[in-house]
Amino acid sequence: MKKLLLTTTLGILTFASFGQQKVSDAFLDSYTQEKSGNYLGAAMSITSVYNQASYEHNLRLGYLKYMCGANTESITYYSKAIELMPFAIEPRIGYTLPLAAMESWTAVIEQYTTILKIDPNNTTINYRLGYIYYIRRNYPEALKYFEKIVKLYPFDYHGSLMMGWTNYQLGKIDEAITYFNRVSLNSPTDKSAKEGLDLIKGLDIKKK
Amino acid sequence: MKIKIRTIFITLFIATSLNLAAQENIENAFEKSYALEKQGNYNGAINLIKTVYSANNYELNLRLGYLNYEAGFHAESMNYYARAIVLLPNAIEPKIGYVYPASILGKWDDVLKQYLDILKIDPQNSSVNYKTGLIYYNRKNYVQAYKHFEKVVSLYPFDYDGLIMFAWTNYQTGKPKEAKALFKRVMLLSPNDKSALEGLTLINK
């Protein structure tokens, strides 16, 4: 009985180890194919060992399918990875790539908002979310996100510039001037900051 | 009354003009300092910023912190960054700057303090959690290291740096089963990874 148990355990371990080796080989092969730009081949390597309960398999396939331009499939794999590790922001960031390619901006916003629930000060996500709201002319919402960036990184070019423009759009001229001036320190002769300051000067002339 | 209004108007006009002139001076100093920095002339860049220096100006202190660090004046760099931190205590930018000269000077307690302060403001900051974990790991404080690497891996489960350190920390805290699973995950990310292979060999012994 003991011998049978030992043989069975050994058999399972060997099988598991063999399985792990096969998966490692598939990943190695997929990296090699990816390097040569063969994303389809790279995805097929992973598909050959695919286990839907594996976070890594789903994450990798999400990325490779996105690189192949198969956006819907990419979304499916990233969704699965999110399901497996709901507190990870890595697959959520990946998920937004095919969504953005498909211009599903509402879904992108939803994902970014979820990421910020997990990682509220994520500068990249705060910037992107602010930018989407800015493009949608929802300046009060945009301001919330850009504000977070400049609070942590007051001398950051991108955050300061968008704070300049968002404040300008909201009619907060003094604040806009402060941020445009800060941008000018960071990036002297910056065209966008200069444009903002010129527009404000124009407002002053009109008033007079 | 008319004279009063006129006086107020003139005072405001002069104040605005002075502000504009000061802003212009600072802008010019920054612009020239970037040009000198590009040529590797950090001393020249520092001297230029000093001509318009005001202790209460965040940007000037931040810039001088950076330039002094680049010039190799680490103690001065720390002073300027410290000043920037006092001026904007909720910003993490000057705290990140501060750790560069502090670490060159081997002031690891100061570095750790800054990192912990950053994490009070931004608890999920992956880069800072990783660096904090690394300091604790090097001090063999694996329990503290574990907390920080766990945060990195929880947000980025397939990130190489976080994974490998979390694997080693699990190994050091006597969790070989968890360490093994993590080393294997590293092997997927970086096949034939030397550090992961070393960990697995140690566990299999």
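Residues numbered from 1 in each chain as written. Chains lettered and ligands numbered in written order. Predicted model: local features only at pLDDT ≥ 70, side-chain atom pairs only at ≥ 80, totals over all residues.

Here we look at the overall build of chain A
Basically, it comes down to this: The secondary structure listing takes helices from DSSP runs of H or I that are at least 4 residues long and strands from runs of E that are at least 2 residues long, numbered from the N terminus. With C-beta atoms placed from the backbone, a residue is buried if 20 or more other C-beta atoms are within 10 Å of its own, exposed if 12 or fewer are, and partly exposed between those counts. Think of it this way: build a C-beta for each residue from its backbone, and any pair within 7 Å is a contact.
Along the backbone of chain A there are eleven helices and zero strands. What you see in chain A, going N to C, is helices and strands ordered as α-α-α-α-α-α-α-α-α-α-α. Counting only residues that meet the buried cut, chain A has 38% of its 208 residues in that class. The long-range fraction of contacts in chain A, counting pairs at least 24 apart against all pairs at least 6 apart in sequence, stands at 36%.

Points about the overall build of chain B
The secondary structure content of chain B amounts to eleven helices and zero strands. When the helices and strands of chain B are read in sequence order from the N terminus, they spell out α-α-α-α-α-α-α-α-α-α-α. Seen through its C-alpha atoms, chain B measures out along the principal axes to roughly 90 × 40 × 30 Å. Looking at chain B residue by residue over its 205 residues, the buried ones come to 38%. A fraction of 36% describes how many contacts in chain B between residues 6 or more apart in sequence connect residues 24 or more apart.

Focus on helix α8 (residues 139–152) of chain A
The line we're drawing: In this analysis, the expected span of each helix is defined as 1.5 Å times one less than the number of residues it contains.
In this model α8(A) runs 20 Å from its N-terminal to its C-terminal C-alpha over 14 residues, within 8% of the 20 Å that 1.5 Å per residue would give. Of all the positions in α8(A), only A:Ala142, A:Leu143, A:Tyr145, A:Phe146, A:Lys148, A:Ile149, A:Val150 and A:Leu152 are classed as buried. On its buried side, α8(A) packs onto α7 (123–135) and α9 (157–169) of chain A together with α5 (93–104) of chain B.

Description of helix α6 (residues 105–118) of chain A
Residue and element names in this part refer to chain A. To keep it simple, the criterion reads: Along the arc lie the directions from the helix axis toward the C-beta atoms.
Between its terminal C-alpha atoms α6 stretches 20 Å, which fits the 20 Å expected from 14 residues at 1.5 Å a residue. Of the positions making up α6, those classed as buried are Val108, Gln111, Tyr112 and Ile115. Down the axis, α6 shows its buried residues gathered within 100 degrees of arc, on one side only. Opposite its buried face, α6 presents the exposed residues Thr106, Thr113 and Lys117, each directed more than 90 degrees away.

Here's the deal with the packing of helix α10 (residues 176–189) of chain B against helix α11 (residues 194–204) of chain B
All names here are of chain B. Let me state the cut-off plainly: Fitted lines through C-alpha atoms give the axes, limited to the stretch in contact for helices. The angle between two N-to-C directions lies from 0 to 180 degrees. In these notes the angle categories are as follows: under 35 degrees is roughly parallel, over 145 is roughly antiparallel, 65 to 115 is roughly perpendicular, and the rest is oblique. Whether a crossing is left-handed or right-handed is set by the direction in which the near helix is turned from the far one by less than a right angle, anticlockwise for left-handed and clockwise for right-handed. Residue type decides the class: Asp, Glu, Lys and Arg count as charged, Ala, Val, Leu, Ile, Met, Phe, Trp, Tyr, Cys and Pro as nonpolar, and the leftover types, Gly among them, as polar.
Where α10 contacts α11, the axes come no closer than 9 Å and their chain directions differ by 150 degrees. With respect to α11, the axis of α10 lies roughly antiparallel. Considering the relative orientation of α10 and α11, their crossing is left-handed. Every residue of α11 that contacts α10 at Pro176, Ala179, Lys180, Phe183, Val186 and Met187 is listed here: Ala196, Gly199, Leu200 and Ile203. Here the residues of the contact of α10 with α11 sort into eight nonpolar, one polar and one charged.

Topic: the interface of chain B and chain A
With 26 residues of chain B at the interface, the matching set in chain A holds 25 residues. Elements supplying a minimum of two residues to the side of chain B that touches chain A: α1 (2–38), α3 (58–71), α8 (142–155) and α10 of chain B. With six residues, α1(B) is the single largest residue contributor to the side of chain B that touches chain A. Partitioning the side of chain B that touches chain A into residue classes produces 15 nonpolar, four polar and seven charged.

Concerning the confidence of the model for chain B
Condition: The predictor attaches a confidence to each residue, and that confidence, scored 0 to 100, is pLDDT.
Residue-level pLDDT values for chain B average 93, and 90% of them are 70 or greater. If you check the scores for this complex, the pTM reads 0.88 and the ipTM reads 0.87.

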